[in-house]
Structures are given as structure tokens and as C-alpha cells.
Amino acid sequence: MLEAVCRLFIILVQVHFSYNFGDGELAILEKAEMNSRREFLGALGTGVAAALTMNKDAAAAEPASDAAASNHDGSYGAWFLTKSAPWREKLSQPQYDIHFEYQVDVPMRDGVKLRANIWRPQAEGKFPIIYLFTPYDNTISNAQYAMVDNVGRARYFVPRGYAYVAISMRGRYGSEGDPYLFWFKDWKKGGFEGQDVQDCLAWLGRQDWSSGKIGMTGVSYLAMVQWMGAMLGSPYLKAIIPMGSPDDNYHNVNRDGCLSLSVAISLMITGERRTNEFGIWNDWVDWDRFYQHLPLRTIDETLLGKKSQDWQDFLDHPDNDSYWHIGSPGARYRAGEMSEGKYPQISVPSLNITGWYDSVLQNTINNYLGMVHYGPQELRDKHRLIIGPWIHNWLHRQVGDLDYGADADIELHPIELRWFDYWLKGMDNGILDEPRVQVFVTGNNSWRGEHEWPPLRAQETKYYFHSAGRANSAMGDGILSTTPPSQESTDSFVYDPNHPVPTYGGGVIMMPDVSGPRDRRSIQRRDDVLVYSSEVLSKDLEVTGRILAKFYAASSAPDTDFMVALSDVHPDGYAALLTSGNIRARYRNSFKTQELMTPGQVYQFTVDVWSISHVFLKDHQIRVELTSSNFPWFDRNTNTGRPKDQDTELRKATQTIFHNGKYPSYIILPSITST
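Residues numbered from 1 in each chain as written. Predicted model: local features only at pLDDT ≥ 70, side-chain atom pairs only at ≥ 80, totals over all residues. Heavy atoms only, no water.

Draft legend 1. Broad picture of the environment of Arg206. Mapped onto the fold, Arg206 is located in the loop between helix H7 (193-205) and strand E5 (210-219). The class for Arg206 is exposed, based on a relative accessible area of 57%. For Arg206 and Tyr236, which are 30 residues apart along the polypeptide, the C-alpha to C-alpha distance reads 9.2 Å. (Helix = DSSP H or I, 4+ residues; strand = E, 2+ residues; numbered from the N terminus. Buried < 20%, exposed > 50% of the residue type's maximum accessible area, 1.4 Å probe, protein only.)

Here is the structure:
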């Protein structure tokens, strides 16, 4: 047992990664590790044995990578797992020494100079360029986090005939100017980050060692700026690899109307400093107390001792207006829906990579879908999507509580190389012959290729909420089934923003780190969480695709929030979180316009619970949670109906959920029947 516990601690240390705080900061932080261990082992004591069991079972069931990835016909396997596949022989091979230039000036149109680290072949000739534009230090060297590892990429790509260039965004590290994430501080005059990306592309494309063909790569903010640059149509940009990429920046900061509190704060801090300054943010700030600060409008002054333009602008634009779309490729104005956004003007093939527990999972999927459905016609079949079982900036097997086995560990750089070899060097390596979508199916923990997303063979199945009026907690009488309701009692609970449901699991970026699949049993014991569970499954059930929850509810408040979570309950009781979603009531009809409720009136709500590909195994149960808070991932709704930025009053709200013939409430699970 002691050996197993020690192994769990090692896994937790490995998983506590760069995004404990800040949308991209690279550090494994001692305090975050300590807090997360305390949270995991103290608050969720029953989860330890379950996590140990899951890790043991996953390790015992590891498939051989080459055998598991042998198929390329849209069935099981992933082309990038094989170590001896023919495509690997067609990759560019190492042949060059490296020439390095440190912090080279790159002039922008307004005279500001950005600083670039340049690694290129030490040889005569012109070479294609792999370009990364970052606010997170262009000198990073850490193989554990391949998505942001600049030195590792240089060592890999330059010997293979590429120049590799990492440029710090304005105001960060060695670059001149003022930092302001998303845009420029003078955004009202039309300035935004894409212009700097565009100027860098033009400068790189004209260098005497450049072939004029450039590809971009990177995660999170480094992915967002790829889309920004692509929107402006540089003739030099030929391919992009956005990983964990926001689509509509409104939802990056205000997911479906709720302020993504921990993300918004991290963006604010990054926009106020030149370097990462881990000591202050990880060892000085009491985050548990700080997250509770009201009013939201003065969080910047409380934390920084001054106003932040980023923070003030965020709160000045609570609705999805034009401010958020200066640099957004996508545009989403209703829950679960998307529009053409700016995809028609992006003429660049994209390889999109994300994870089921990525903070911007659905955003990344939406970018892929946006290009497939709305992008230029001639490129619609040239985009690709990879979804693993990972969290943000993570490509390894241990995630949250669970170990997904050897095939969840992947090598990023050969994937990037195959994409860039094709688009920047014109090498016929078969990359476009692979299935367009590669997904890791959790539950049975295997990769599968799909030729479209979501799979057309998935059948949307409604799982209805039922109870005798007491679905409160997992000990209640809530039932989930495919049988429509008739006459049933309502369920109700009291949401108290003074005692919100704590964040535990999911695609969250916050301190302490509680991301990934987590055991939800402690959450499901709360009386302010409605729980609906299916019968024990008599056979395996696969759910793959987009999940929406549609339910009828009334509240005693003029505004409130609703949160929905989906979990897989194992035979021993372990309840693994799969995905979750939310909606702020005032945005139930549109994220453009606020509409308060009439207390006591019944309304229909749609919650976008994002996407999964998961097999609920025989003897497991499907479980849905419905509550009104997920704090501090999202800000607490005060239930007053007043503007969120100034409110300091916290009121309780009584929430009533209807599930009967007139008001059927359900979650839609896209199910795939085995053949």
C-alpha cells in the first residue's frame, strides 16, 4: 500500500504543470503541489483508493503501440503512435549544425522592436521557418512541456532543415512596448496582436536565409495569435498548428456568460508585467481569500495596488460585443451554437490539437469545425484534429486522478514535422491520407481515426431526469433514463453564494491545480447538487460527440447560474468527471443581450457540456449533476440581478427543476452502437 501511495504522489507531482496559474506559464510549483495533494488526499479521502485502482488497471491494460496503431482506415489506432511506420522514413532527417542569434530586433510598423531568438541551419541556402510568437519567454527549455519548449524545438527542427524563431510579444521579456493580452492598449484605434504577428511574418519572409514559407505552432495564447495572423492573409504563412486555441475570446474570459475568474485574473496579471514572477503569485497571494473578493471591479486594485486596463476592459464588456472579436476567429452568440465568424478569410491549413480536459477543448474543436464548414472551399478537407485525454499543455498519460496508459504519451515534434514537411517543403509523406480526426476514446483507452466530427453514426439519445422530488445529492432519488417523464414532482435546492460548490476537476486553470478527471463523490454528497444516475449498465455504451443539457427551471432570483457535470460511476463508487458546462441565466437566449428572469417563472435553459469520446463500461453508471456554482473556476452569481462588476451583496436563491410531460428535462448523449 505504501508503495502505491508513493506512486500516486509521483503522479501528482508530474501532473502539476505550467498552467497552475497563468494561461501558459511554465513551472512545476512546490506550493501548488502541496496544496493539490492536500486537496486530493484530505478533502476527497475516498478518492485515493479509487485513483490507485484506476492507475493500476490502466497500466495492466497497456496495448503495444505499434499494434494498436496499425489501422489507417478510420478505425482503431493513431498514425502518430507507430515507431517504425513508413511515414517516419519520409520525414526530414538531421543533417545540419545550428547557428544561433540571440534577441534579434524585429521592427514593427509603429517603431516598437520585438526580440527574436533565431536558430537556423549553419549552411548556405534558404530554409522554411517555424515561428512561435509568445508572451511566456522565448528561451524556455523543458522537454516535459513540448508545446512551449523553444530550445527543444530548435534542437529538433534546425538539424532537419528548418529555421526556428521564437519572438516575445510586445511588452514581454526583451521586447519593447506595453503588454496587453489579446490586443494593444490602444485597441480602440484598431491595434491588435495580429498586426505584430503579421509584421513578424513579413520580416521573416524577407530574410536572405528564408525560403518565404513559414509555419506557426504553439499552445494557448501562442495558438490564439496563429489565428490572428492567419486572418490578415500573410503570403508567407503556409500552415499552422494551434494547440488548445480559443475561438471566440468572449468565451475564453466569460464562458457562456459566467466570468472564468481564474483565467481572467491570470490574463490580467500577464498583461501587467514583463516576466512571470512566480514567487509573488505562487507564494505570496492567498488565492482562497482573494477569489472571494467583491466587488469584482476592484480585484485589480486589491491584487496589484493599481487599476489594470485589461481587467477594466473585461468588465466594461460583459456582453459578447465587438470588443471580443477584434482578434477572434470564431463567434458564438447562443449556447451550443457557432457562426462563420472570420473563418472564410483564413486561407491556411490547420492541424488542431487539444485534450478532453483542456480549458479550451470545445473552442479548439470549434476552430476545426469553423474551417471545415466555413473556411475557403479549397481548404476544407485540409484541416486536421487530434484530441487526447490531456489537460492544457500536456501530452502525457497521467491526468488528474487517472493513468490512461502508454498510448496517451505522444511525441509532438514528429507530428509537427510531418505537417510542416508537407506544407513548407512539399514532401509527399501521406499526412493528408490519414483520418481527418484522431480521438482518444477514454474508458477503453484507445485511439481511433474518424473521417468527420462529430461522427455521423452517433445517435443523439435523450436521457431524461426523473425523481420523486428528492434528487438532492447522490443519496437522493434522482434517476437518469431514456424514458420520457409523465407526472413527477419537481426537484429544488438552495444556492448560497456564500457557500458555493467548489471547483474539483475539469478543464480548469487555477491555483491550486485541480484539473483533469477527479473523483466527484464529495461534490455529489452536497444537498445543493441534484444528482441523476442511470441504472447499472448491462453492456458497454460509447458516447462520442457534442453534449447538450436542456432543462426547465425556475428561480427565486432575477438572475442565477446553472452548472451541469457528467461523470462515469465505477462499480466501486468512484465517480470520474468527464465534462461540465454552465449558463448564466441572463444570457439564456443570447450572449449579446442580457435578459433578467421573472422570479418563479419557468424557463428553458441549454447548457453546452462540450464534447467527449468515452465508453461507459458494463457495470458502470452514467451520472449527471445539476447545481448553480463551480467556484472559483467561475465567479459566483450574486443572485441580485445587478451588474456583476459592482455587486457586493450575496443572496440565496431557491432553484426549482421541472421534469414532467409538459417540461421534460434531459441531457443529450450522442451514442455509438458497436458493430
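Draft legend 2. The pairing of strand E13 (residues 437-441), seen in detail. Buried residues dominate E13, accounting for five of its five residues. Side chains Val437, Val439 and Val441 project from E13 onto one buried face, and the interleaved Gln438 and Phe440 project onto a second face that is buried too. Sheet topology note: the strand E10 (residues 384-391)/E13 ladder contains three bridges and is parallel. Bridge pairing links Ile386 to Gln438 in E13. Bridge analysis of E13 against strand E14 (residues 446-450) gives five bridges, and the strand direction is antiparallel. Pairing of Val437 across the sheet is with Glu450, part of E14. (Pairing = 2+ DSSP bridges.)

Draft legend 3. Region of interest: the pattern of salt bridges. If you walk through the whole model with that rule in mind, you get 32 salt bridges. The closest approach of N and O atoms between Asp528 and Arg526, which form a salt bridge, is 2.8 Å. Taking relative accessible area as the criterion, Asp528 reaches 10% and is therefore assigned buried. Looking at Arg526, the relative accessible area reads 23%, which means it is partly exposed. Put simply, Arg586 and Asp559 hold a salt bridge, and the shortest N to O gap is 2.9 Å. With Arg586 in the loop between strand E21 (575-584) and strand E22 (603-616) and Asp559 in the loop between strand E19 (541-555) and strand E20 (561-569), this residue pair connects regions lying 27 residues apart in the sequence. The class for Asp559 is buried, based on a relative accessible area of 1%. A network of salt bridges, in which partner residues are shared, links Arg448, Glu450, Arg457 and Glu542. (Salt bridge = Lys/Arg side-chain N within 4 Å of Asp/Glu carboxyl O.)

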